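Residues per chain are reported as follows:
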Amino acid sequence: MKVAIVLGTRPEIIKMAPIVRVLERDGLDYFILHTGQHYSYNMDRVFFEQLGLPEATFNLDVGSGSHGEQTGRMLIKIERVLRSEAHDVVLVVGDTNTVLAGALAAVKLGFKVGHVEAGLRSYDREMPEEVNRVLVDHCSDSLFAPTEKAERILLSEGIPEEKIFVTGNTIVDSVYQNLEIAGRKVNIYEELGVEKCGYFLATVHRQENVDNERRFRGILKGLEMIREEFDLPVIYPIHPRAERQLKIFNIEVNGIEIVKPLDYLSFLQLESSAKLVLTDSGGVQEEACILGVPCVTLRYNTERPETLDVGANVLAGTDPHEIVKKTRIMANKRSCWENPFGDGKAGERIVQILWEKYG
Ligand code: UD1
Ligand code: UDP
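The structure contained in this document is the topic of the report that follows. The structure displayed is predicted, hence computed values, not measured ones. (Residues numbered from 1 in each chain as written. Chains lettered and ligands numbered in written order. Predicted model: local features only at pLDDT ≥ 70, side-chain atom pairs only at ≥ 80, totals over all residues. Heavy atoms only, no water.)

**So, the side chain of Asn 97**
Let me state the cut-off plainly: Here a helix means four or more residues in a row that DSSP labels H or I, a strand means two or more in a row labelled E, and each is numbered from the N terminus. Residue burial is assigned from relative accessible area. The probe radius is 1.4 Å, only protein chains are included, and a residue is buried under 20% of its type maximum, exposed over 50%, and partly exposed in between. Polar contacts, as counted here, are pairs of nitrogen or oxygen atoms within 3.5 Å of one another; within protein the pair requires one atom able to donate a hydrogen and one able to accept it, and residues that are adjacent in sequence qualify only if both atoms are side-chain atoms. Note on contacts: a residue pair is in contact if any heavy atoms of the two residues lie within 4.5 Å.
One can find Asn 97 in helix α4 (residues 97–108). On the basis of relative accessibility, which here comes to 7%, the residue Asn 97 falls in the buried class. One polar contact links Asn 97 to Gln 70, side chain to side chain, over a distance of 2.9 Å. Side chain to side chain, Asn 97 and Asn 132 meet in a polar contact 3.1 Å long. If near-sequence neighbours (up to four positions away) are discounted, Asn 97 is found in contact with Gln 37, His 67, Gln 70, Thr 71, Met 74 and Asn 132.

**Digging into the sheet that holds strand β11 (residues 276–279)**
This is how it is decided: Strand pairing is assigned whenever DSSP detects at least two bridges linking the two strands. Axis angles are defined between N-to-C directions and span 0 to 180 degrees, where every axis is a line fitted to C-alpha atoms and, for a helix, only to the segment in contact.
Taken in spatial order, the six strands of this open sheet run β10-β9-β8-β11-β12-β13, and their pairing is parallel. Where the open sheet ends on each side, the last strands, each with one partner, are β10 (257–259) and β13 (313–315). Taking the axes of each pair of neighbouring strands and ignoring which way they run, one obtains an average angle of 20° across the sheet. Looking at chain direction, β11 and strand β12 (residues 295–297) are connected through three bridges and run parallel. Paired with Thr 279 across the strands is Thr 297, a residue of β12. Across the sheet, helix α12 (residues 264–272) touches β8 (200–203), β9 (234–237) and β11, and the angle it forms with β8 is around 130°. Here helix α15 (residues 320–331) sits on the sheet in contact with β8, β11, β12 and β13, set at roughly 150° to β11.

Below is the structure:
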């Protein structure tokens, strides 16, 4: 069996790493095709280095652009590679334009697609990711659903049961594999001058939030009010899209500590001891839940409802007063919920299934 792994952004590298680790350990054949959707050192290479991933065999250097441009460039270039490089299955994870292009290029050539993190739905078609999720799920041959809830969604959409496998989410594998390593290798508390549990951690990057001036200003105002009310630092490792939008909207930020995007070990360590996490990221909602850190989600919906069900997360939207209100509630929450995303062996299960189906 030979697996063609298509990835291109920060969360895909982090969530694919546990699968690559198993493929490497078992001496199985695979190659990595990197679209280059993310390309800055701290959004891309640093994760390959820290997670010990081998170099991508192909890097398409597609870079940034409008959705159509970016996805179109990827399609053309991915198709060329998949045509010339033998493989039995194309594996993608998540919901980015890279994932859509990888799946679409493959399926149009008649190749089998495996979708890791299948069956997530926010039911908000304004999110580019929601469109990608639906399309990729419906053209995949193997759907690796992280939870039974995700499986039920796929079944309700008419996807045949035999294509769906509940495996857990590989983000659990990543957290378990790297938290202890982080403890040995980095000390982000010292670097940032914060005390454990004595700070809030924020990440904001969703297109529908940061490209919308009113929403972005609302979120930043909420973070500033939290800083004042709790008298604790709010650390915001800023995503390049958000950084770009701050400049475009000419927004001046007060009271929030904006830092560059962090490497994975530092981010995980910072997240694990935050008093509370405020985020619009998908992966960060999951990680906070796994780490037992309360989360306030800066969105009106989530495709990770399991985090709400167990009481680890609440939706606050983008209104500053609502963000503060939800933060007050969650800040005093005891973190005794169960992790709904699996046991940290998702990577193992996915490789086993790939082997049984395509080996
Ligand atoms: C993409 C995904 C989103 C995911 C996020 C993970 C889509 C539609 N969106 O959003 O689902 O949550 O990645 O982080 O696929 N930029 C850089 N350096 C980089 C990458 C981007 O400076 O390495 C800047 C550029 O100005 C670029 C902007 O960020 O225009 C947005 O990048 P893009 O890849 O289009 O989308 P993300 O917002 O990163
Ligand atoms: N992350 C990181 N450094 C940061 C911010 C996030 O390593 O400064 C990691 C985080 O641990 C999580 C992933 O990036 O695993 C989430 O990616 P992102 O928020 O960019 O995308 P999403 O999950 O929303 O698609």
